[in-house]
Structure formats: structure tokens, C-alpha cells
Amino acid sequence: MPISGFPEWLPAQRMIEQRVIDRIRSTFELYGFAPLETRSVEPLDTLLSKGETSKEVYLLHRLQGSEDEKSEDQLGLHFDLTVPFARFVVENAGKLQFPFRRYQIQKVWRGERPQEGRYREFLQADIDVVNRESLPFHYDTEMPLVIGDALSGLPIPQARILVNNRKVCEGFYRGLGLTDTDQVLRTVDKLDKIGAAKTRQLLIETAGATEAQAAACLELAAISADDGSFVDAVRKLGVSDPLLDEGLDELLRVVETAREHAPGLVVADLKIARGLDYYTGTVYETQLRGYERFGSICSGGRYDNLASSGKERFPGVGISIGVSRMLGVLFGKQALTVSRSVPTAVLVALPHEDQRVACDRIAGALRRRGIPTEVAPAAAKFGKQIQYADRRGIPYVWFPGEPDTVKDIRSGEQVDADVTAWQPPDADLHPSISGEPR
RNA sequence: GUGGUCGUAGCUCAGCUGGUAGAGCACCGGGUUGUGGUCCCGGGGGUCGCGGGUUCAAGUCCCGUCGAUCACCCCA
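- As annotated in an unreviewed UniProt entry, chain A carries the name Histidine--tRNA ligase and comes from Paractinoplanes toevensis.
- According to the UniProt record, the Catalytic activity (unreviewed entry) comment for chain A reads "tRNA(His) + L-histidine + ATP = L-histidyl-tRNA(His) + AMP + diphosphate + H(+)".
- In its Subunit (unreviewed entry) section, UniProt records this for chain A: "Homodimer."

As C-alpha cells, this is what we get:
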């Protein structure tokens, strides 16, 4: 029986997942991020002190453990990769070179109610850069480019990274005279769901806004642009505040850098506010075109205060691809398929059981040349053996003989072949993933 | 964690106001004496998610539970 929120894929889907991970990993390394894996558990205090206030953390305890463990002794499964990473950096600061760029591809756990693309155990692929004391802003501009590069190499719908900056919102709200900027942010965040009228009402009721202030907040939230024009649009609203200026300047740099290196990838969208509450500046959120209703498949942001030890601070910026969420959503729409359900490229047919040794020899020779090969399970009729391959999508069946022949079962074409020379086309060597149903 | 909808064969589904389960596809075998996919014939397969209750009788009604999904919450 399945357990709610803990998905298990079939081999075909796992192959797709592995291909996706391969692509993400190689891209991360292409940009010089170093691999890291942290333990799955953290002290509960570490998890909770970093803003995760809800009870969605899974606790770990031994069956034979004592009932009255203190909370500082309790272990919880990590719910993201950023908090463990921050802890790791503080702990190992003396052994790391800064700025430190690392990637981490691991499972994380959250006790939320599952839905399509929302799980309790899921895989994240995360990159972060941290530095001592202060982190140059250009890293904030780099994050979307890495993600855009990784995702654009996959047969999935185009990604659109929505970017905002908390300084813009907070500065704007402050400039308006609103003091509870967090509450304003939380309310504005619901705009898409509850609509402008209700948002306006809530701003007045819960954030102490006047009609005019609420209207201004909505006007800010409505601004979205894939170029620098959003800056003028904000200025036209006539609010001024130093933090607002700083935020606009930063956001502009993200948008302009993306326009230079990856046109169409990034959009400044001043209503996005989400992410964990440790974010202090830039925030990212990513949609796949045509899949907007499934929410963000990749998000992150700048955190200036997450990691610190004594007087030392380690500000960072990072972004994380929700691999399981992205795949779950695409699987649900049958928008990702793989060319076969096994890695095998060649099935060696078995004429008689007493020829298994010879067939194993053929398979060995092919494998030594990097061709994934298996020998037929039984000396059934050749029709059955071909069917065995066909069911699994194995493209070639090898017939031992004088001479050996190999058949492309898709075309039916069968040619003489030599184990020391025959080579399938590169496209057939390994399963390939595509965006179209098979 | 809260609320709604749904849960019949591997898959898609049918099963009227309760009367002890059915189709198509898939699968297996044969026609086809060792090179598949078409066609024809035949066959296997279901504790009706699970548990309890009401009833002479429950796939069908009631309660609980598990799972899927949607909304809230929150977020990958």
C-alpha cells in the first residue's frame, strides 16, 4: 500500500528522474558548484530557529527511546537544504574557501497535506553561494542563469523565473507609512487567489492600511515586466524610501543581467513574496509555461542572516529546484516519456539453452564496448523473444548464427553483424527522454 | 492539521429504487513446427481500498480508516 505523500516511481519514471538529475548536476558543476551532502537530520532547535514555525517537521525517535526527551535533544528530518547548509558552513567555516559555492541534491521532508506535485518526501536540487561578512550582489544575478541553463536542456516546457526583492516591498510599504510590513506582504501574497477587492479589504482590516495605502499596495503588486520598465512604474506611484531605492536597484540588476544572457527567462514580478521567512532581499519563484496553476517548481532567495556564529556572519543566496514536484506534475500530464523502460539496448536471442554460454560471450563482448546488453531469459520461440524486447522498448535483438545478425525491431531491418564492430546509433545506445508521448 | 469529491480486474469504466460481479483494452494459450506487432478461437484473473454497522440480503445505505485528488494552510 502506498503511504500518502511518499511517492514511488516506476523504473521508466525513475530513469527520467535520473536523466533530469544528471542534467541538473552537470550544469551545476559546469558553473563550478562543488558537491555536498549533509545528514538527513538536524537538531530540532536548528530547524525551528530558522523561521520554520509550523509543525510540518518530522521528528525522529528511537522505538526504545525515552518519552521525555528535551526539545534540544530531538532530531528532525530537514525540510529544505538551505538550513542544513547554513549550519554546515558555520561548523566547517575553517575548512572552506569563501565565497563557497556548493550544490546539494537530496531528499527533504515536510509534513504537509499531499496533492499532485506536493509530497511529504521529495527531492530538491539546490545551489547556494555564501561568503563571510558580505556577499556581492552579482551572485543574486547568477542564480537564475544557472537554473535557466539546467532546465533549458531538458524536454520540458519553458521556465519563467519570477523575481522580486523584499526590500522593494518593505521599503514601499514603509514609505507609505505602513509599519506591519510582514503582514502586508502576507496579505498581498494572496492576491492571485482571493482577488484585488478582498486583498484591499484584508489590508485595511489586518494590516491597518487606509484606503489609499491599500490601493497603493495593490498598484505595486500589479507591476510586472521583463525589462527595466518596472522601475519607472514604481516611481510613478510616488513613494520614496531608501530601502525601496536599494531594492529597485538590485532587482534591476537581476533583470538586466538575465536579459543579457538569457532573454525571456526572467520577469520582475512585484507581487511575489514567498519563500521561507529567512529571505532578506531577492526572491525567486519559477513557473513552467502552461503549468502555472501548479505553482513554483524552483524557488529561493537571498538570506543575509541565516548563518552566523558569534560575531561572524555568512550571508548567502541560493535557489532550489523541486525535482519531485516538477516530475510529478509533468508525469500527471504525460508530458515526459522515456524511449524504453529498461537501459538495455540489445537483447541477445537464445536459440537453445545449451547455447547460453555462447550468448553470454556475445553479450560480454558488446558490454565491453559500452553497449547495454542482456541475454534472453529463456530459449522460447524467437517470436516470443522479440516480443520480450518489444514490450520493454529494447530496440535491437541479436541473433547468434553464421554469421550473427542483428535486427532493429522497430524497422524490421536485419543485417549481418560482428560483435567486435557493430555499433548502434548514439541515439539508441541509452534510453532518451522526450516531451512527447511515445 | 481542516473541509469537499472520489476508490469495482493490470488500465479505462459499466453495474437501475440494496437481491451474492461485467465490458473493452492488456495478459496467457492455440491457429502459426522457432523472427513479434494484424486477424480468428479459447483461457486465466476481482477479499468490489480496508474494518465495522444496518438488513433475510450491501459493490449499492451508515460510521470509521487508508489512499488519490481539490480547496484552505503552506510551499518544491
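## Re the domain arrangement of chain A
Link 1 in the chain: Segmenting chain A into domains produces domain 1 (11-337) and domain 2 (346-434).
Link 2 in the chain: Spacing between the C-alpha centres of domain 1 and domain 2 amounts to 48 Å.
Link 3 in the chain: Here domain 1 and domain 2 share an interface that buries about 560 Å² over both sides, 61% of which is from carbon and sulfur atoms.
Link 4 in the chain: Interface area lost by domain 1 to domain 2 is led by Arg19, Pro155 and Thr337, which between them contribute 73%.
Link 5 in the chain: Counting every contact that joins domain 1 to domain 2 gives 0 salt bridges.

## What to know about the sheet that holds strand E18 (residues 414-416)
Link 1 in the chain: Spatially, 5 strands are ordered E15-E14-E16-E17-E18 in an open sheet, and the strand pairing comes out mixed. At either end of the open sheet lies a strand with only one pairing partner, and these are strand E15 (373-375) and E18. Strand-to-strand twist of the sheet, defined as the mean angle between neighbouring strand axes without regard to direction, takes the value 25°.
Link 2 in the chain: The sheet contact formed by strand E16 (residues 396-399) and strand E17 (residues 405-408) spans 4 bridges and is antiparallel. Paired with Phe399 across the two strands is Thr405, which belongs to E17.
Link 3 in the chain: Sheet strands touched by helix H12 (residues 356-368): strand E14 (346-348), E15 and E16. Its angle to E15, the strand with the most contacts, is close to 175°.

## With respect to the packing of aromatic side chains
Link 1 in the chain: If you walk through the whole model with that rule in mind, you get 14 aromatic pairs.
Link 2 in the chain: An angle of 80° between the planes, with centres 5.1 Å apart, marks the rings of Phe382 and Phe399 as edge-to-face. With Phe382 in helix H13 (residues 382-392) and Phe399 in strand E16, the pair connects residues that are 17 residues apart, well separated along the chain.
Link 3 in the chain: Relative accessible area serves as the criterion here: at 38%, Phe382 is assigned to the partly exposed category.
Link 4 in the chain: An aromatic cluster of three or more residues is present, and its members are Trp9, Tyr119 and Phe331.
Link 5 in the chain: Across from the ring centre of Phe294, 4.2 Å away, lies the NZ or CZ of Arg293, which sits over that ring.

## With respect to empty space enclosed by the protein
Think of a ball as big as a water molecule: rolled over the atoms, this probe shows where empty space is left.
Link 1 in the chain: Taken as a whole and assessed by the stated rule, the structure comprises 1 cavity of 30 Å³ or more.
Link 2 in the chain: Here the largest cavity defines a volume of roughly 40 Å³.
Link 3 in the chain: Along the walls of the largest cavity sit Gln287, Leu288, Tyr291, Gly295, Ile297, Met326 and Val329, which together make up its complete lining.
Link 4 in the chain: Of all the secondary-structure elements, those providing two or more residues to the lining of the largest cavity are strand E10 (282-288) and helix H11 (323-332).
Link 5 in the chain: When its residues are assigned to classes, the lining of the largest cavity shows 5 nonpolar, 2 polar and no charged.

Thresholds applied
- Residues numbered from 1 in each chain as written.
- Chains lettered and ligands numbered in written order.
- Predicted model: local features only at pLDDT ≥ 70, side-chain atom pairs only at ≥ 80, totals over all residues.
- Heavy atoms only, no water.
- UniProt positions renumbered as here; feature names shortened; annotations may be inferred.
- Domains from an automatic or database assignment.
- Buried area = accessible area lost by both parts, 1.4 Å probe.
- Salt bridge = Lys/Arg side-chain N within 4 Å of Asp/Glu carboxyl O.
- Pairing = 2+ DSSP bridges.
- Helix = DSSP H or I, 4+ residues; strand = E, 2+ residues; numbered from the N terminus.
- Axes fitted to C-alpha atoms, helices over the stretch in contact; angles between N-to-C directions.
- Contact = heavy atoms within 4.5 Å.
- Phe/Tyr/Trp six-rings, centres within 6.5 Å; stacked < 30°, edge-to-face > 60°.
- Buried < 20%, exposed > 50% of the residue type's maximum accessible area, 1.4 Å probe, protein only.
- Lys NZ or Arg CZ within 6 Å of the ring centre and 35° of its normal.
- 1 Å grid on protein atoms, 1.4 Å probe; cavity = no way out; pocket = protein on both sides within 12 Å on 5 of 7 lines; lining within 4 Å.
- Points joined across faces, edges and corners; volume = space filled by probe spheres on them.
- Nonpolar A, V, L, I, M, F, W, Y, C, P; charged D, E, K, R; others polar.

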